[in-house]
Amino acid sequence: YLIEAIKEKTGKTFNEYINSYRLKYAYDLIVNDKDKTISEILNESGFSTRATFYKTFKEMYGLTPSELRDLF
């Protein structure tokens, strides 16, 4: 029921919904915690692979985590 409710309210699949929160958390860490490496951030954000993290991050924000870090 929860998965159906999320889809109905947000228009996102359960995985898309969860990943959006993970990515927002990672974005904040990239911008605000310069001491953490991207690898530490992706692990702390709940992503199991670097490829998935970079792909979903770029889809959501239009740039890679490294590119974002370079802006700040």
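Everything below is about the structure shown above.
About the thresholds
Numbering of residues begins from 1 in every chain and follows the order in which that chain's sequence is written. The model is predicted, so local features are restricted to residues of pLDDT at least 70 and side-chain atom pairs to those at 80 or more, both for listing and for counting; the totals for chains, interfaces and linings are taken over all residues. In computing side-chain properties, one takes all heavy atoms of the structure into account and sets aside hydrogens as well as water. To qualify as a helix, a DSSP run of H or I must reach at least 4 residues; to qualify as a strand, a run of E must reach at least 2; elements of each kind are numbered from the N terminus. What makes two residues a contact is simply this: any of their non-hydrogen atoms within 4.5 Å. With residues, only the protein chains shown are counted as cover, and all accessible areas are computed by Shrake-Rupley using a 1.4 Å probe. Side-chain rings of Phe, Tyr and Trp (the six-membered ring for Trp) are treated as a pair once their centres are within 6.5 Å; stacked means planes under 30 degrees apart, edge-to-face means over 60, and tilted covers the remaining angles. Note on classification: 1.4 Å probe, protein chains only; a residue is buried when its accessible area is under 20% of the maximum for its type, exposed when over 50%, partly exposed between these limits. Only when the NZ of Lys or the CZ of Arg is both within 6 Å of the ring centre and within 35 degrees of the ring normal is a charge said to sit over the ring. Only buried residues count toward a nonpolar core. Its members are Ala, Val, Leu, Ile, Met, Phe, Trp, Tyr and Cys residues joined through side-chain atoms within 4.5 Å.

Colleague: Could you give an account of the overall build of the protein, with specific residues and numbers?
Modeller: The helix and strand inventory of the protein stands at five helices and zero strands. Counting helices and strands in the order they occur from the N terminus, the protein gives α-α-α-α-α. Pairs at least 24 apart in sequence give 47% of the contacts found in the protein among residues at least 6 apart. By element, 54% of the accessible surface of the protein is carried by carbon and sulfur atoms, the whole surface being about 5,000 Å².

Colleague: A description of the packing of aromatic side chains should follow, citing residues and the corresponding values.
Modeller: All told, the structure shown has six aromatic pairs when counted by the stated rule. With a centroid separation of 5.2 Å and an interplanar angle of 70 degrees, the aromatic rings of Tyr 17 and Tyr 21 are classed as edge-to-face. Of this pair, Tyr 17 and Tyr 21 are both found in helix α2 (residues 14–32), four residues apart, which corresponds to roughly one turn of the helix. Under the relative-accessibility criterion, Tyr 17 is labelled partly exposed at 24%. Its relative accessible area of 48% is what places Tyr 21 among the partly exposed residues. A ring pair is formed by Phe 53 and Phe 57, whose centres lie 5.7 Å apart and whose planes are at 50 degrees; its orientation type is tilted. Placement of the pair is Phe 53 and Phe 57 together in helix α4 (residues 50–61), with a separation of four residues, close to one helical turn. Residue classification places Phe 53 among the buried positions, given a relative accessible area of 0%. A relative accessible area of 0% places Phe 57 in the buried class. Within the aromatic cluster, the residues linked to one another by ring pairs are Tyr 27, Phe 47, Phe 53, Tyr 54, Phe 57 and Tyr 61. A cation over a ring is seen here: Arg 22 above Phe 47, with NZ or CZ 5.8 Å from the ring centre.

Colleague: Quick rundown of the nonpolar core? Include the residues and the values.
Modeller: One finds Ile 30, Ile 41, Phe 53, Phe 57 and Leu 68 to be the most contacted residues of the largest nonpolar core, which totals 14 residues. For this core, the element with the most residues is α2, which contributes five residues. Contact partners of Ile 30, with chain neighbours within four places excluded, come to Ile 38, Ile 41, Phe 53, Phe 57, Pro 65, Leu 68 and Arg 69.

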